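Chain and residue survey
Given next are the chains, with one letter for each unit.
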Amino acid sequence: MMRTLSIGFLFVIGSVSTFKAQQVDSSIQHNSKFLLEMDSIHRADSAQRVMLEHQIKQLKGAGNSNQRGELLSKLKQMEHDDSVRKNRNAKTIERLRSSAVGFPVAPFQDTLFFIYTRQGSFSAADRAIAINEKIEKLYDDYSFKPDSLVVVDSEGGTEIVYGDLVMMSVNEMEALWHSKPVEALAIQYRDILREEIVREREDNSILNIGLRIGALLLVIVGIYILIRLINLGFTRIRRKVFSLKDKVLKGIKFKGYQFLDSHRELKFILFAINVLRLFIILITLYVALPLLFSVFPWTRFIAETLTSWTLSPLKSLALGFVSYLPDLFTILVISTITHYIIKFLEFIAGEIENGSLVLSDFYPDWAKPTLNIVKFLVYAFSFIIIFPHLPGSDSPIFQGVSVFVGILFSLGSSSAIANAVAGLVITYMRPFKKGDRVKIGELSGDVIEKSLLVTRIRTIKNEYITIPNASILSGHTINYTTSALDVGLILHTSVTIGYDVPWKQIHSLLVAAATSTEGIVTDENRQPFVLQTSLDDFYVAYQINAFTMEPSRMAVIYSRLHQNIQDKFNEAGVEIMSPHYRAARDGNTTTIPADYLSKDYKPGSFNIKVDKD
């Protein structure tokens, strides 16, 4: 099983390595070229330095001091140049290390070291796969002796061999890459290979496998006992809940509405307990599985994977939370300041609305809508400040969603925006307020709600009508309440009477009808009065005007006024033939009242006599 997993792991590494090798092949060739050039320069400098030192030794006589001084100066300059070149090459190698791709040597899932350089026609990926296969071969050799794995020198460099099997070669280029001598790097690799093979053979010995099987059985038994204990504990919890059914569980009610009765509440609690039990069992299994898979070396990577699935997100979450603390603190400060600004604005608006604070040319009924506008602006400004500090605000997904929402809002809210703007204009125009009797277009009723988008009125027939604010702004509105509170609302109605009835009599009858109507004001400054609106061909049009302080009772007052007009005219024997009538008469007669034709008539002396019968 271990060998199968290892081969599969090597196959995956080989596939990924081959793909990576194709991507970074040019980079590796460039790195290799640089290392070879650096190695050749180093060799040339070393040879030249040895030659200069030999010449200086030969010029020890007094007569050669000038020539010897020139050679010493040249040697110092060469040492200085070599030092500068080493520093520059060190920086270049460090840069190459940061960008180069290494291929792991991991025969048993544990990475031993990485291969960065190529040899001959073998790429770094090919070398890593070949070394893994050779380590597997030594592992399968039961006659393997660690001391037989040795380092030997060859024409191509230093090799690690076991008998006739060449495990790997270490050349000057690879040694320069690791900043170590060739032999030291080869010895280091040899020791790593020895320890890994010996450790793996010991881990997979019969004794260790038996012990691991025993440990595996022990872990399984422990998991079974733990799950049994969890089930036992939750069984006792369920019994306890059943015992509380009639004592504590009496259902859930909210404002008279019963969401759950006692039976359903019990079922819900038992369902929640069962879900919690399953969740705890799953958590227990997830925690136990890494322990279970870590028993055998060839399944240890599964345990590490399961652990990383849990620890990596938790670690990322913790690190992300710690790094996000400054932004979170900024958001909290801005939110706190915004909260208290809104509280202050609400206090000022409340004082203005109840009349405690009076501002010139600012009406109390403007306080609440103005507060809403200012609150919206404050919240919008706060959000603009907070937005860059939100997690993921600079991500393309977040920005794309913001743009998409903005487009939807723009396309679908044109009429809503028009109504909102109209609502603001209506607020500050003050054509009406809540409770006023109004006529909007052809609709009459009492205003029961004013919002940013719509206005709702209730007609005298108790019909609730919603009118968009844009429609109100584009039409005309009649407010019956505003003037009624100050000077009184004038109600008026018309009748047409023939020329044969004296106008003074008609005036007196209409005023009497208005005065006797409930809801009509009859104080000194607001007496009912009559207007003659036209002199038509066959009749005269009379209009009675009367004051009322109760615009909400207009329909009832009009009805009673009409009733009283009928009664007064009937009592006086005057026939109402409104709105139109035609009179056929002899042209030799006149419609002038007899009182006007008498010799005793004086202007203003006409009296109305009404029979009591």
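Since the model is a prediction, treat every value here as computed from it, not as a measurement.

**Digging into the sheet that holds strand β11 (residues 464-468)**
As a general point, the strands of a sheet are linked pairwise by backbone hydrogen bonds and lie either parallel or antiparallel. Strand order in the open sheet formed by five strands is β11-β10-β9-β8-β12, with antiparallel pairing between adjacent strands. What marks the edges here is a single partner per strand, and that holds for β11 and β12 (477-479). Along the sheet, successive strands turn relative to each other by an average axial angle of 40 degrees, direction set aside. Inspection of the sheet shows strand β8 (residues 437-440) paired to β12 by three bridges, in the antiparallel sense. Along β12, the bridge assignment pairs K439 with I478.

**What to know about the side chain of N132**
Assignment of secondary structure puts N132 in helix α3 (residues 124-140). Separated by 3.0 Å, the side chain of N132 and the backbone oxygen of A128 make a polar contact.

**Quick look at the packing of helix α9 (residues 367-386) against helix α11 (residues 414-429)**
Across the interface, α9 lies against α11 with an axial gap of 10 Å and an inter-helix angle of 140 degrees. One element, α9, and the other, α11, form an angle in the oblique class. In terms of crossing hand, the pair formed by α9 and α11 is left-handed. Contacts from P369, T370 and I373 in α9 reach L424, T427 and Y428 in α11.

**Quick look at the layout of surface pockets**
Leftover empty space is mapped by rolling, across the atoms, a probe with the size of a water molecule. Within this model, the largest pocket holds a volume of roughly 780 Å³. Elements that contribute at least two residues to the lining of the largest pocket include exactly α9, α11 and β9 (443-450). Classifying every residue of the lining of the largest pocket gives twelve nonpolar, six polar and seven charged.

**A few points about the packing of aromatic side chains**
Between two aromatic rings, the relevant description is the distance of the centres plus the angle of the planes. Going through the model one piece at a time under the given rule, you end up with six aromatic pairs. Centre to centre, the rings of F362 and W366 are 5.6 Å apart; their planes meet at 85 degrees, and the pair counts as edge-to-face. A relative accessible area of 25% places F362 in the partly exposed class. Aromatic rings pair up to connect F362, W366 and Y428 into one cluster.

**With respect to unusual backbone geometry**
Of all residues except glycine, most have a negative phi; of all peptide bonds, most are trans. Positive phi is not limited to glycine here, since R430 has a value of about 55 degrees. A positive phi angle, close to 60 degrees, is found at N462, a residue other than glycine. Looking at the element boundaries, N462 is found in the loop between β10 (454-458) and β11. Under the relative-accessibility criterion, N462 is labelled exposed at 57%.

**What to know about the side chain of N419**
Secondary-structure assignment places N419 in helix α11. Since its relative accessible area comes to 14%, N419 is described here as buried.

So, how was this worked out
- Residues numbered from 1 in each chain as written.
- Predicted model: local features only at pLDDT ≥ 70, side-chain atom pairs only at ≥ 80, totals over all residues.
- Heavy atoms only, no water.
- Pairing = 2+ DSSP bridges.
- Helix = DSSP H or I, 4+ residues; strand = E, 2+ residues; numbered from the N terminus.
- Axes fitted to C-alpha atoms, helices over the stretch in contact; angles between N-to-C directions.
- Polar contact = N/O pair within 3.5 Å; in protein donor to acceptor, adjacent residues only side chain to side chain.
- Parallel < 35°, antiparallel > 145°, perpendicular 65-115°, else oblique.
- Left-handed = near helix turned anticlockwise from the far one by under 90°.
- Contact = heavy atoms within 4.5 Å.
- 1 Å grid on protein atoms, 1.4 Å probe; cavity = no way out; pocket = protein on both sides within 12 Å on 5 of 7 lines; lining within 4 Å.
- Points joined across faces, edges and corners; volume = space filled by probe spheres on them.
- Nonpolar A, V, L, I, M, F, W, Y, C, P; charged D, E, K, R; others polar.
- Phe/Tyr/Trp six-rings, centres within 6.5 Å; stacked < 30°, edge-to-face > 60°.
- Buried < 20%, exposed > 50% of the residue type's maximum accessible area, 1.4 Å probe, protein only.

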